[in-house]
Amino acid sequence: MTQMIDNAEEGNDRPLQDGAQPDRISLLAMIERTGKDAGFFRALGNRHWAFFSDNGPVLLVTFETVVGIRHRTGGLPMGYALARDRGWSALCLIADGQTWYRDPAVYSFFDGLVDTAFFEGFDRVVFYGAGMGAYAACAFAVAAPGATVLALAPVATLDPALTGWDKRHARLRRLTFTDRYGYAPDMTEGAGDVFVVFDPTEPLDAMHAALFARPHVTALRARRIGPQVELALEGMQLLTPLITAACEGSLDAPLFHRLFRKRHSHGPYLDRLMDQLEKTGHRHLAARAARNGAMPVQSILFHQRLTDLTVDDGPLPPGGNIGTP
């Protein structure tokens, strides 16, 4: 028998074989021990846990999954590891599969934090998540008025009455998104700054991002990085600087765009950019993208692609980084 553990980032179920089950149990046991020493660790129903470490006046709230944590070095929540190294407190909501955190036990947990004025004990509160976690970061931010939210490719809702055009999660429409903490864009109304990072060339992500349009929401368009925004930002070594800036109160659009210049030497980004440029007939621009990839990392593949692109078109004229089409 296998137990199905959903990979929220990829949108697919991943079978967890019986032989791997002890690893999962050991992982949760380790997180529980760490949480009890640092603050608390609580089960919220059957598929969610809350991990808290009390370490400073800044609180980073993250929404993560069992699968995601298992794939990280050290086997601890990303938010806790980041906060621990910077003297921040951390609250991590952990989901077992694609629950989208739609569970009355999770609602009750946040209700309790509101009733005890938990968030008021911190100088700054930042909610962070990606994909399913981004939805939750926006939806539960209502519990901490004034909090900053950093959401990577958030989904507004899976309610088919509102987003029936998004077929990616059709089988999850059995979940209820019309009760408490439901429609994520509305739940951000009491937040401070909300930053929504998405790739505008991904139509469905762009459509969800448009539903978040509010005066307090800053849309950060990360063109050509694909649907796996968190993975791409990690590959560019930008995820930690962005979360750090949010926790320090310095994140804004100009900072994001300065940091995002790193894409010009990021292989997966350049691959997508070159494909698009070749399809639209801009071979010289594609060759410049190949040169950007070949020079800093000495990639054989980029050198070969640069040769292929210039062999028929002549030498590449001088020039710096190309603009983003």
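Check the entry above for the structure.
Residues numbered from 1 in each chain as written. Predicted model: local features only at pLDDT ≥ 70, side-chain atom pairs only at ≥ 80, totals over all residues. Heavy atoms only, no water.

Draft legend 1. Quick peek at the pairing of strand S5 (residues 58-65). For S5, the buried fraction is high: 8 of the 8 residues fall into the buried class. The alternating pattern of S5 places Val 58, Leu 60, Thr 62 and Glu 64 and Leu 59, Val 61, Phe 63 and Thr 65 on opposite faces, both of which are buried. Sheet analysis places S5 next to strand S7 (residues 124-130), joined by 5 bridges and oriented parallel. Its bridge partner lying in S7, Thr 62 is registered against Tyr 128. Of the pairings in the sheet, the one linking S5 to strand S6 (residues 89-95) comprises 7 bridges and is parallel in character. Opposite Val 61, over in S6, you have Leu 91 as the bridge partner. (Buried < 20%, exposed > 50% of the residue type's maximum accessible area, 1.4 Å probe, protein only. Helix = DSSP H or I, 4+ residues; strand = E, 2+ residues; numbered from the N terminus. Pairing = 2+ DSSP bridges.)

Draft legend 2. Region of the structure containing the side chain of Thr 62. The topology assignment puts Thr 62 in strand S5. If sequence neighbours within four positions are ignored, Thr 62 has contacts with Gly 79, Leu 91, Cys 92, Leu 93 and Tyr 128. (Contact = heavy atoms within 4.5 Å.)

Draft legend 3. Expanded view of the pattern of salt bridges. Under the defined criterion, the tally for this structure stands at 9 salt bridges. In this structure, Asp 166 engages Arg 168 in a salt bridge whose closest nitrogen and oxygen atoms are separated by 2.8 Å. Between Asp 186 and Arg 214 there is a salt bridge, with its nearest N and O atoms 2.9 Å apart. With Asp 186 in helix H7 (residues 184-187) and Arg 214 in the loop between helix H8 (203-211) and strand S10 (217-221), the pair connects residues that are 28 residues apart, well separated along the chain. (Salt bridge = Lys/Arg side-chain N within 4 Å of Asp/Glu carboxyl O.)

Draft legend 4. Summary view of unusual backbone geometry. At Trp 100, a residue that is not glycine, the phi angle is positive and equals roughly 55°. With respect to the secondary-structure elements, Trp 100 resides in the loop between S6 and helix H4 (104-115). By relative accessible area, which is 2% here, Trp 100 ends up buried. Positive phi outside glycine occurs at Ala 153, with the angle close to 50°. Mapped onto the secondary structure, Ala 153 falls in the loop between strand S8 (148-152) and helix H6 (160-163). The class of Ala 153 is buried, set by a relative accessible area of 8%.

Draft legend 5. Summary view of the packing of aromatic side chains. As enumerated under the stated definition, the model contains 22 aromatic pairs in all. Aromatic side chains Tyr 107 and Tyr 181 sit 5.8 Å apart centroid to centroid with 40° between the ring planes, which places their arrangement in the tilted category. Taken together, the residues span a long stretch of sequence, with Tyr 107 in helix H4 and Tyr 181 in the loop between H6 and H7 at a distance of 74 residues. An identical accessibility class is assigned to Tyr 107 and Tyr 181; each is buried. Here Phe 109 and Phe 110 contribute two aromatic rings whose centre-to-centre distance is 5.6 Å and whose plane-to-plane angle is 80°, an arrangement assigned as edge-to-face. Its relative accessible area of 7% is what places Phe 109 among the buried residues. Taking relative accessible area as the criterion, Phe 110 reaches 0% and is therefore assigned buried. One Lys or Arg, Arg 102, reaches over the ring of Phe 177 and ends 5.3 Å from the middle of that ring. (Phe/Tyr/Trp six-rings, centres within 6.5 Å; stacked < 30°, edge-to-face > 60°. Lys NZ or Arg CZ within 6 Å of the ring centre and 35° of its normal.)

Draft legend 6. Representation of the environment of Ile 31 within the structure. As for its position among the elements, Ile 31 is in helix H1 (residues 21-38). Along the backbone, Ile 31 and Pro 77 are 46 residues apart, and their C-alpha atoms lie at a distance of 8.0 Å. Beyond its immediate stretch of four places on either side in the chain, Ile 31 contacts Phe 41, Phe 51, Ile 69, Gly 75, Leu 76, Pro 77 and Ile 94.

In short, shape yes, function no, at least from these values alone.
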